[in-house]
Amino acid sequence: MKELMQSLRDAAIRTISETADMETLEAQRVKYLGKKGELTAILRQMGSLSAEERPVMGQLANRVRAEIETALDERRELLSKKLLERKLETEAVDVTLPAKQQRLGHKHPMYNVLDQIKDIFIGMGFEIVDGPEVELADYNFTRLNIDEAHPSREWTDTFYFTPDSRILLRTQTSPMQVHAMETRPLPIRIIAPGRVYRKDEVDATHSPMFHQIEGMVVDKGVTMADLKATLNLVVEKIYGEGTVTRFRPHHFPFTEPSCELDIRCHKCGGKGCPTCKGEGWIEVLGAGMIHPKVLAGCGIDPDVYSGWAFGMGLERLAMGEYKINDLRLIFENDKRFLEQF
Ligand code: DAH
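Position numbers for residues count from 1 along each chain, tracking the sequence in the order it is written. Only residues with pLDDT of 70 or above have their local features reported here, since the model is predicted, and side-chain atom pairs are shown and tallied only from 80 upward, although totals for entire chains, interfaces and linings are computed over all residues. Values shown for side chains rest on all heavy atoms present in the structure; no hydrogens or waters enter the calculation.

## Examining the domain arrangement of the protein chain
Entries for the protein chain in the domain assignment read domain 1 (2-90) and domain 2 (109-338). For each domain, the first and last residues come from an automatic or database assignment. For domain 1 and domain 2, the distance between their C-alpha centroids amounts to 92 Å.

## Overview of the pattern of salt bridges
We count a salt bridge whenever a side-chain nitrogen from Lys or Arg sits within 4 Å of a carboxyl oxygen from Asp or Glu. For the structure shown, the criterion picks out 19 salt bridges. Note that K107 and D115 form a salt bridge whose closest N and O atoms lie 2.8 Å from each other. Residue K107 is classed as partly exposed on the basis of its relative accessible area, which comes to 46%. The partner of D164 in a salt bridge is R166, with the nearest N and O atoms 3.9 Å apart. A simple rule labels every residue: compare its accessible area, found with a 1.4 Å probe on the protein chains alone, to the largest value its type can have, and call it buried under 20%, exposed over 50%, or partly exposed in between. Judged by relative accessible area, which is 49%, D164 ranks as partly exposed. Salt bridges linked by common partners bring R246, R248, E260 and D262 together as one network.

## Details of the packing of helix α2 (residues 22-33) against helix α4 (residues 53-90)
For helices, the fitted line uses only the C-alpha atoms of the stretch in contact; every axis is such a line through C-alpha atoms, and the angle between N-to-C directions lies from 0 to 180 degrees. Only runs of H or I of at least four residues qualify as helices and only runs of E of at least two qualify as strands under DSSP, and these elements are numbered from the N terminus. Where α2 contacts α4, the two axes come as close as 10 Å, and the packing angle between them is 175°. In this view, α2 runs roughly antiparallel relative to α4, as classed from their interaxial angle. Packed against α2, whose contacting residues are M22, L25, R29, Y32 and L33, the element α4 presents R65, I68, E69, L72, R75, R76, L79 and S80 at the interface. Of the residues contributing to the contact of α2 with α4, the split by class is seven nonpolar, one polar and five charged. Should an angle fall under 35 degrees it is taken as roughly parallel, and over 145 as roughly antiparallel, whereas 65 to 115 is taken as roughly perpendicular and any remaining angle as oblique. The contact criterion used throughout is that any non-hydrogen atoms of two residues lie within 4.5 Å. Under the scheme applied here, ten amino acids are nonpolar (Ala, Val, Leu, Ile, Met, Phe, Trp, Tyr, Cys and Pro), four are charged (Asp, Glu, Lys and Arg), and all others, including Gly, are polar.

## Section: the packing of aromatic side chains
A pair of aromatic rings is counted whenever rings of Phe, Tyr or Trp (Trp by its six-membered ring) have centres within 6.5 Å, and the orientation is called stacked for planes under 30 degrees apart, edge-to-face for over 60 and tilted otherwise. Evaluated as defined, the whole model comprises seven aromatic pairs. Ring centres of W308 and F310 lie 6.1 Å apart, and the angle between their planes is 25°; on these two criteria the pair is classed as stacked. The class of W308 is buried, set by a relative accessible area of 2%. Both rings, one in F337 and one in F341, keep their centres 5.0 Å apart while their planes meet at 70°; by these two values the pair is edge-to-face. A residue is classified by how much of its surface remains accessible, and F337, at 8% relative accessible area, is buried. Residue F341 is classed as partly exposed on the basis of its relative accessible area, which comes to 26%.

Listed below in structure tokens is the structure:
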């Protein structure tokens, strides 16, 4: 029996030391030390031993069990270490591999220009307001003193939703003047950027949808001098210090007097070139003193308050700033174009 136990121990320790994975190791534990295992089978024969031999064999059996358990523990530790090593090896990150490129987008060039304009006006105490693109003809035309026969009201020029020409896609941001005067306390200093729509064929300078920025100041004692000084300042911030401007008389139904603001061509200095179409000047915006009828129509007493307003095209500004020669490029969203900015 002694020999049996010793050979069991030797065989167990040898096979355990050769075991390559955890599952086989567990099977070995069951095989040697389990309830139905080999050691238990040997111990079952203890009954046939004499009273002197029994405790000696008992002690030996305990020692054999302890030795096999130690062998199992050591092997288990070794295997788990190896397992970890293999895992670290196979899952290792090769830091020398080129990284996956994260392609970050960026703001559209036109919105860069818009942000710049917003910053300039915020710096002067203006608020930025937003309003509906689907508008009532009343706001888009009538309350801006645009009479019923005005050509811009034609169905060939404007997108209408209803046969009675009551609801339309706004053709300008100027209705925001009426919205602002109706809803805001005086004095008012706002700019309102947004989309506008006209039935124009698409070409290098036209699109049925484009953007305008409306600006308006209403307060006591506001004059044309405020209009000129403010817009001159804005133009210098956009086009650079020393930019020469010209205020040219014009007509808009909602301002009186009205003007257009030109800048001297920054390309040729006024001599005339393709950029300014030989004019020497580039038109930047329309402006004027808000018509007393428009003020009164919004419940503001034109004898107490006065105001000035302007409207400018955002695309044209962006095209000038980034030297873009075709309006369509701004809307096509071709990455090869956008990535240049
Ligand atoms: N709404 C005009 C247009 O679309 C531009 C404009 C001119 C706006 C003069 C104004 C203004 O506020 O005072 O052509």
